[in-house]
Amino acid sequence: MVTTTPSVSLLHKTKQRWKLVVVFVLFVIPGLILVLLLFVPWNVFEKKRIAIQLLLTGTGVVGLTVFLATLRCPRCRRSLGRWALTNSSGVFRLLALQRCPYCGFEEAGNK
Ligand SMILES: [Zn+2]
């Protein structure tokens, strides 16, 4: 009986998927809230609105920094986050990436 092992992404094998969760919480969610704020009348939050927008923007910058600075190839140490942002549909390709796009590193993990 032949069993096929499902392909596992590089981020999974190198135990870096949790960083994507951090990026989602720090970047994607604040970004969505900022967009939703565009549809809220200006007088709803009044003076607190600018503080809320600055807080969300700052959180987003931290999330983007985490994405660019911490998602790295274990061998060549180049940023996989930067690769994802500079390639078309790179963020989605990053999730399925089997090996490092720079050096070809492929962790020999099993699940
Ligand atoms: Zn590499």
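Here the structure is a predicted model, which means the values were calculated and not measured. (Residues numbered from 1 in each chain as written. Predicted model: local features only at pLDDT ≥ 70, side-chain atom pairs only at ≥ 80, totals over all residues.)

A short note on the overall build of the chain
So, step 1. Scanning the chain for helices and strands turns up 5 helices and 0 strands.
So, step 2. Each helix and strand of the chain, ordered N terminal to C terminal, gives the series α-α-α-α-α.
So, step 3. Against the compact-globule benchmark of 13 Å for 111 residues, the chain has a radius of gyration of 18 Å, which places it well outside the compact range.
So, step 4. A principal-axis box enclosing the C-alpha atoms of the chain has dimensions of 65 × 35 × 25 Å.
So, step 5. Looking at the 111 residues of the chain, the share that counts as buried comes to 12%.
So, step 6. Contacts in the chain between residues far apart in sequence, at least 24 positions, make up 64% of those at least 6 positions apart. (Helix = DSSP H or I, 4+ residues; strand = E, 2+ residues; numbered from the N terminus. Rg over C-alpha atoms; globule rule 2.2 N^0.38 Å. Buried ≥ 20, exposed ≤ 12 C-beta atoms within 10 Å, placed from the backbone. Contact = placed C-beta atoms within 7 Å.)

As for the confidence of the model for the chain
So, step 1. Averaged over the chain, the pLDDT score is 88; the fraction of residues at 70 or greater is 92%.
So, step 2. The weakest mean pLDDT in the chain belongs to helix α5 (residues 90-96) at 87; the strongest belongs to helix α3 (residues 48-70) at 94. (pLDDT = per-residue confidence, 0-100.)

Points about the nonpolar core
So, step 1. Within the largest apolar cluster, 10 residues are counted, these being L10, V23, L26, F67, L71, C73, L80, A84, L94 and C100.
So, step 2. Apart from residues no more than four positions distant in its own chain, L94 is found in contact with L80 and A84. (Core = buried A, V, L, I, M, F, W, Y, C linked by C-beta atoms within 7 Å.)

A few points about unusual backbone geometry
So, step 1. The residue K15 is not glycine, and still its phi comes out positive at about 55°.
So, step 2. Taking the number of C-beta atoms within 10 Å as the measure of exposure, K15 has 11 and is therefore exposed.
So, step 3. A positive phi angle, near 50°, is found at S89, a position not held by glycine.

Quick notes on the environment of L95
So, step 1. Mapped onto the elements, L95 comes out in helix α5.
So, step 2. What makes L95 partly exposed here is the crowd of 13 C-beta atoms within 10 Å.
So, step 3. Here the alpha-carbon distance between L95 and H12, two residues 83 residues apart in the chain, equals 8.7 Å.

Focus: the packing of helix α2 (residues 17-37) against α3
So, step 1. At their nearest, the axes of α2 and α3 sit 8 Å apart, and the two run at 150° to each other. It follows from the interaxial angle that α2 and α3 lie roughly antiparallel. Here the hand of the crossing between α2 and α3 comes out left-handed. When α2 is examined against α3, the residues K19, V22, V23, L26, F27, P30, G31, I33, L34 and L37 are found in contact with a partner set consisting of Q53, L56, T59, G60, V62, G63, L64, V66, F67 and T70.
So, step 2. Considered class by class, the residues forming the contact of α2 with α3 number 13 nonpolar, 6 polar and 1 charged. (Axes fitted to C-alpha atoms, helices over the stretch in contact; angles between N-to-C directions. Parallel < 35°, antiparallel > 145°, perpendicular 65-115°, else oblique. Left-handed = near helix turned anticlockwise from the far one by under 90°. Nonpolar A, V, L, I, M, F, W, Y, C, P; charged D, E, K, R; others polar.)

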